[in-house]
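Each chain is listed here by its residues.
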Amino acid sequence: MTHSTYQQKKQDLSTQLRHSTKAVRLEKATSNLFRTRGTAGVSKLDVGCLNQVLAVDTENQVVEVEGMATYERLADACLQQHCMPLVVPQLKSITIGGAVSGIGIESSSFRHGLPHESVSSMDILLADGEVVTCTPENEYSDLFFGIPNSYGTLGYILKLSARTMPVKPFVELRHFRYTDIDDYFYAVNEASKSDVDFIDGSIFNERELYLTLARFTDTAPYTSDYTWLKMFFRSIRERSEDYLSVHDYIWRWDTDWFWCSKNLYVQNLPMRLILGRRLLNSISYQKVMRWNNRVGLTAFINNLLDRHPEGVVQDVDIPIEKAPDFLRFFVEEIGIRPVWMCPIGGHDPTRRYPLYPLHGDGLFINFGFWDIVPNPDKHESGYFNRKIEAKVSQLGGVKSLYSDAYYDEDKFWQLYDGDQYFELKQKYDPQGRLKNLYQKCVLKQ
Ligand SMILES: Cc1cc2nc3c(=O)[nH]c(=O)nc-3n(C[C@H](O)[C@H](O)[C@H](O)COP(=O)(O)OP(=O)(O)OC[C@H]3O[C@@H](n4cnc5c(N)ncnc54)[C@H](O)[C@@H]3O)c2cc1C
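Residue numbers here run from 1 along each chain, matching the order of that chain's written sequence. The model is predicted, so local features are restricted to residues of pLDDT at least 70 and side-chain atom pairs to those at 80 or more, both for listing and for counting; the totals for chains, interfaces and linings are taken over all residues. Side-chain metrics in this entry use all non-hydrogen atoms of the structure; hydrogen atoms and water are not considered.

Colleague: Outline the pattern of salt bridges, supporting the account with residue identities and numerical values.
Modeller: Should a side-chain nitrogen of Lys or Arg be within 4 Å of a carboxyl oxygen of Asp or Glu, the pair is scored as a salt bridge. What the rule picks out here adds up to 22 salt bridges. Close ionic contact of Arg 272 with Asp 256 constitutes a salt bridge, the shortest N to O distance being 2.8 Å. Of this pair, Arg 272 sits in helix α9 (residues 269-279) while Asp 256 is found in the loop between α8 (246-250) and α9, placing the two residues 16 residues apart along the sequence. Exposure classes here rest on a 1.4 Å probe applied to the protein chains alone. A residue is buried below 20% of its type maximum, exposed above 50%, and partly exposed in between. On the basis of relative accessibility, which here comes to 1%, the residue Arg 272 falls in the buried class. Note that Asp 371 is salt-bridged to Lys 262, the shortest N-O span being 2.7 Å. A run of H or I in DSSP becomes a helix once it reaches four residues, and a run of E becomes a strand once it reaches two; helices and strands are each numbered from the N terminus.

See the structure below:
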């Protein structure tokens, strides 16, 4: 795919926007959003064609890529050249534009931060159809730093340059079990100062916490396969050492959507034999989930049985010194298990992203939890999610906005730097053609 083709696509989208007067919404084949919004009165901007990797430059370890390219495509193109983006989110259909304007994370984040922290320039399509190139140093640097966690409310990322790193063919994994929460986070902190390449963890309960340390290697005595009959998350409890090809390491969580494939009843042998490798992946599960939301099957059954479960699908980032407090609260008051754990570090102190403020130089710990909490006492809607929001704020953490949020408006803008946000909004979308972040993420407009 040549550069001029990108220029053409950019021109087409720009023209479409200039000639439309309605509110705008992105149209693309896949999504990892967990909140649904209405579509009335909205004109859809079909950006699906902006999905190409334009150049992989191994000499300078930089990739140039269109905003809607999925990480599956991007990782494939990079691996062919023996490199990978510094942080590759775990789900194949996440796009680089989605991970930068939303927030992404992976086990290399303890060293390289979040995906937006390895971006060096972006082309942004503004609401009036103008396209600007922003970098940390140029006249649009405020937009460059404002885009992460803006979820398409300041403009759309059409193209980016991002850093890559060289890879070796295999990854060696070691799973360490801990039975005490404080010991566990002490070990996470120590590991983050070591020379491993990847750190993440799976917490099955408060006495069974696993830390997985992994490193690139040129050779492997064997490689495991978790793309069909065996499940990666189960292997963590069953073995202390493992080897995967670098490709299978990157996508180790995709086959079973971490462990969430259980809600689709595919964690048994007959179903796995029937479905085969092709259908066991996060893209299939997203499709089933969206269909279920559309037809309301689960909601209908719950109504019939007078059940009131609450979906708690969230990622939160907590300063490491408060991580044990958060986990104890979570175990006692929410109870979802397993929980995914991933340290975040490597921040460049000269770069500040106002809409996703991870303050301080120390490590943050990402906790990911995605399940249904039974609600036999019929608490108000969002009861458990609100508790989590309050605890995250109390501990000085930040919550991702890809799923439901319940903050009142004042609190929301206090947490996500409303002053800075409205300055950016005034400058880059003065007519308010794109919804603002609160309208989009909390009010679901
Ligand atoms: C169950 C679950 C698990 C998750 N797990 C992980 C994980 O393990 N690791 C991880 O890194 N992330 C994870 N995420 C978060 C995910 O990375 C973000 O939701 C991300 O925004 C999804 O990107 P997408 O390409 O699918 O974008 P979409 O879901 O299509 O869109 C997300 C939002 O970003 C906006 N957007 C999309 N593309 C662009 C663009 N080019 N320019 C501007 N705005 C844009 C959209 O308007 C929308 O508001 C998870 C999310 C869920 C729901």
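Colleague: Before we move on, can you summarise the site of the ligand with the specific residues and values?
Modeller: Taken together, 28 residues sit near the ligand, with Lys 28, Ser 31, Gln 90, Thr 95 and Ile 105 positioned nearest. Here a polar contact means two N or O atoms within 3.5 Å. Within protein one must be a hydrogen donor candidate and the other an acceptor candidate, and residues neighboring in sequence count only if both atoms are side-chain atoms. Within the contact set of the ligand, an oxygen atom lies 2.8 Å away from a backbone nitrogen or oxygen of Gly 98. A distance of 3.0 Å separates a nitrogen atom of the ligand from a polar atom in the side chain of Ser 101. Here the element with the most residues in the shell around the ligand is helix α3 (residues 96-101); it accounts for three residues. Side-chain classes follow a simple rule in which Ala, Val, Leu, Ile, Met, Phe, Trp, Tyr, Cys and Pro form the nonpolar group, Asp, Glu, Lys and Arg form the charged group, and the remainder, Gly included, forms the polar group. Looking at the shell around the ligand, its residues break down into 14 nonpolar, 12 polar and two charged. Each residue is tested against the molecule or strand, and it is near if at least one of its non-hydrogen atoms lies within 4 Å.

Colleague: Let's hear about the sheet that holds strand β12 (residues 241-245): which residues, and what values?
Modeller: Backbone hydrogen bonds are what pair the strands of a sheet, in a parallel or an antiparallel way. Only strands joined by at least two bridges in the DSSP assignment are considered to pair. The antiparallel open sheet is built from eight strands, whose spatial order is β12-β9-β11-β10-β14-β15-β13-β16. Looking at the sheet topology across the chains shown, the edges are occupied by β12 and β16 (398-399). Where strand β9 (residues 170-178) meets β12, five bridges bridge the pair, whose relative direction is antiparallel. What sits directly across from Phe 170, in β12, is Ser 245. Pairs of residues are marked as contacts when any of their non-hydrogen atoms sit within 4.5 Å. The angle between two axes is taken between their N-to-C directions and runs from 0 to 180 degrees, where each axis is a line fitted to C-alpha atoms and a helix contributes only its stretch in contact. Along the sheet face, helix α6 (residues 181-192) touches β9, β10 (198-205), β11 (208-217), β14 (339-344) and β15 (364-373) and points at about 15 degrees away from the line of β11. Packing of helix α13 (residues 383-394) onto the sheet brings it into contact with β13 (310-319), β15 and β16, and relative to β13 it is tilted by some 5 degrees.

That is the geometry; function is a separate question.
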